[in-house]
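# Tertiary structure, described
Take a look at the letters that make up each chain.
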Amino acid sequence: MLLTGCAATPLGYLEGSGSRSATILQSLGWGFTAISCVVVIVIAGLIGVGIWRGRVRAAAEASDVGREAGGVKAIYWGVGLSIPVLIGMAVWTFLSVQALAVPSSSPTLAVSIIGHRWWWEIRYQSPLYPADIVTTANELVIPTGVPVRVDLGSADVIHDFWVPKLGPKMDMVPGRTNHTWLQADREGTYRGQCAEFCGLQHGHMGFVVHALSPKAFDVWVTRQRQPALVAGPSPAALSLFEVKCAACHTVRGTTAAGIYGPDLTHVGGRTTLAAAMTPNTPDNLNRWLGDTQGVKPGAEMPQIDLSRVQRGQLVNWLETLK
């Protein structure tokens, strides 16, 4: 348990982002880990003492079988010590959950995240311009130093949104919107993961959170509101995309307006592919287009019939969408 929570691992919860929510969870994790270690050591010690005393007694006494009368006292001690510890842990957990329920200040940014098998749809909505929605996928970008409200839903089965270094888990239930919040006080990239088994590719339903300075975030969101730069090195690629991919994907600034798959308007600027499964490189994108079911068996994206030349055209064009 201690090793799985190590700070160096991407999903480790023992080192947070420095924010209030992360500090609360980090304290709870370290505290419960320490208590668990003490309990294991005490129990192991008592078992060792019991075994030793039993052997000494067996060697000293006759072999007659009699009733053991000393165990009741040990039970009294065990129950007497355990109850205060368990009550203390329950109170600590209750206070932590209560503190995590409300951020220190009102969030100024709201993000809607919809879970799909097996990717994440992320939508930013401006409070000043409700119709001005920025849609992206699998990479959540937030400003540092402020809480961000996250509205969570699901398009198919139950998923669970979890960024261990930033905040608590929250279920994503079809037909229901749950709310949580995140805050990162240090710039960086934090790994997130679906924490509710949701099917064959549950283990590959990851995402990343990029925490940027407020100024860098403003630059990013302004760029995201713009349509894609469609003038790539191969104009034929745009026509190919509109024929082969537009039924499921959107690229703003083109006629592609599908809503079944991720919005690809700025896919070239993302760092990962296939829900954080692999780095976004031309080689990996080519492999994804050429053998989608081989890379991620069970993915909703069907295998598209593309020649090697056509894949190269699409890869070159998609990588320009930044």
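See the structure printed just above.
Below or above, wherever it landed, is the structure these notes cover. (Residues numbered from 1 in each chain as written. Predicted model: local features only at pLDDT ≥ 70, side-chain atom pairs only at ≥ 80, totals over all residues. Heavy atoms only, no water.)

In this structure, I113, Y124, L140 and F161 are the most contacted members of the largest nonpolar core, which totals 30 residues. Ranked by size, the runner-up nonpolar core spans 24 residues in total, among them A228, F241, L306 and L321. (Core = buried A, V, L, I, M, F, W, Y, C linked by side-chain atoms within 4.5 Å. Buried < 20%, exposed > 50% of the residue type's maximum accessible area, 1.4 Å probe, protein only.)

What follows deals with a nonpolar patch on the surface. Together, I75, Y76, V79, I83, I87, V91, F94 and L95 make up a nonpolar patch on the protein surface, roughly 820 Å² of accessible area in all. For L95, the location among the structural elements is in helix α2 (residues 71-101). Take L95: its relative accessible area is 46%, and that puts it in the partly exposed class. (Patch = residues over 30% accessible without salt bridge, like charges linked within 9 Å, V, L, I, M, F, W, Y side chains within 5 Å. Areas by Shrake-Rupley, 256 points an atom, 1.4 Å probe, with all protein chains shown as cover. Salt bridge = Lys/Arg side-chain N within 4 Å of Asp/Glu carboxyl O. Helix = DSSP H or I, 4+ residues; strand = E, 2+ residues; numbered from the N terminus.)

How two aromatic rings sit relative to each other is set out by the distance from centre to centre and by the angle between their planes. Inspection of the entire model under this criterion finds eight aromatic pairs. Seen from their ring centres, W120 and F161 are 6.2 Å apart, and the 75° between their planes marks the pair as edge-to-face. One end of the pair, W120, is in strand β2 (residues 119-125); the other, F161, is in strand β6 (residues 159-162), and 41 residues separate them in sequence. When its relative accessible area of 1% is taken as the criterion, W120 is described as buried. A connected cluster of aromatic rings, assembled from ring pairs, spans W120, F161 and F207. Stacked on the ring of W118, the Lys or Arg R117 has its end atom at 6.0 Å from the ring centre. Above the plane of the ring of W162 lies K169, whose end atom (NZ or CZ) is 5.9 Å from the centre. (Phe/Tyr/Trp six-rings, centres within 6.5 Å; stacked < 30°, edge-to-face > 60°. Lys NZ or Arg CZ within 6 Å of the ring centre and 35° of its normal.)

A word on the sheet that holds β6. By way of backbone hydrogen bonds, the strands of a sheet pair with one another, either parallel or antiparallel. Judged by pairing direction, the sheet is mixed, and its five strands sit side by side in the order β4-β10-β9-β6-β7 without closing on themselves. Strands at the two margins of the open sheet, each flanked by one partner only, are β4 (139-143) and β7 (170-172). Across the sheet, the mean angle separating the axes of adjacent strands is 25° when strand polarity is ignored. Note: strand β9 (residues 188-194) against strand β10 (residues 206-212), six bridges, orientation antiparallel. Directly across from Y190, in β10, lies its bridge partner V209. Seen against the sheet, helix α3 (residues 214-225) touches β4 and β10 and runs at an angle of roughly 135° to β4. (Pairing = 2+ DSSP bridges. Axes fitted to C-alpha atoms, helices over the stretch in contact; angles between N-to-C directions. Contact = heavy atoms within 4.5 Å.)

Moving on, we come to unusual backbone geometry. Each neighbour pair has its own omega, and for R117 with W118 the value is 0°, a cis peptide bond. Tracing the backbone shows W118 in the loop between β1 (109-116) and β2. Its identity as a non-glycine residue notwithstanding, N138 has a phi of 65°, on the positive side. Secondary-structure assignment places N138 in the loop between β3 (133-137) and β4. On the basis of relative accessibility, which here comes to 9%, the residue N138 falls in the buried class. Unlike most non-glycine residues, A275 shows phi in positive territory, near 60°. Looking at where A275 falls in the secondary structure, it is placed in the loop between β11 (272-273) and β12 (278-279).

Turning next to the sheet that holds β1. The strand order across the open sheet built from five strands is β3-β2-β1-β5-β8, with neighbouring strands paired in mixed fashion. Looking at the sheet topology across the chains shown, the edges are occupied by β3 and β8 (178-182). Looking at each pair of strands side by side, their axes are set apart by 25° on average, direction ignored. Seen against the sheet, α3 touches β1, β2 and β3 and runs at an angle of roughly 95° to β3.

It is worth stressing that arrangement in space is one thing and function is another; only the former is reported here.
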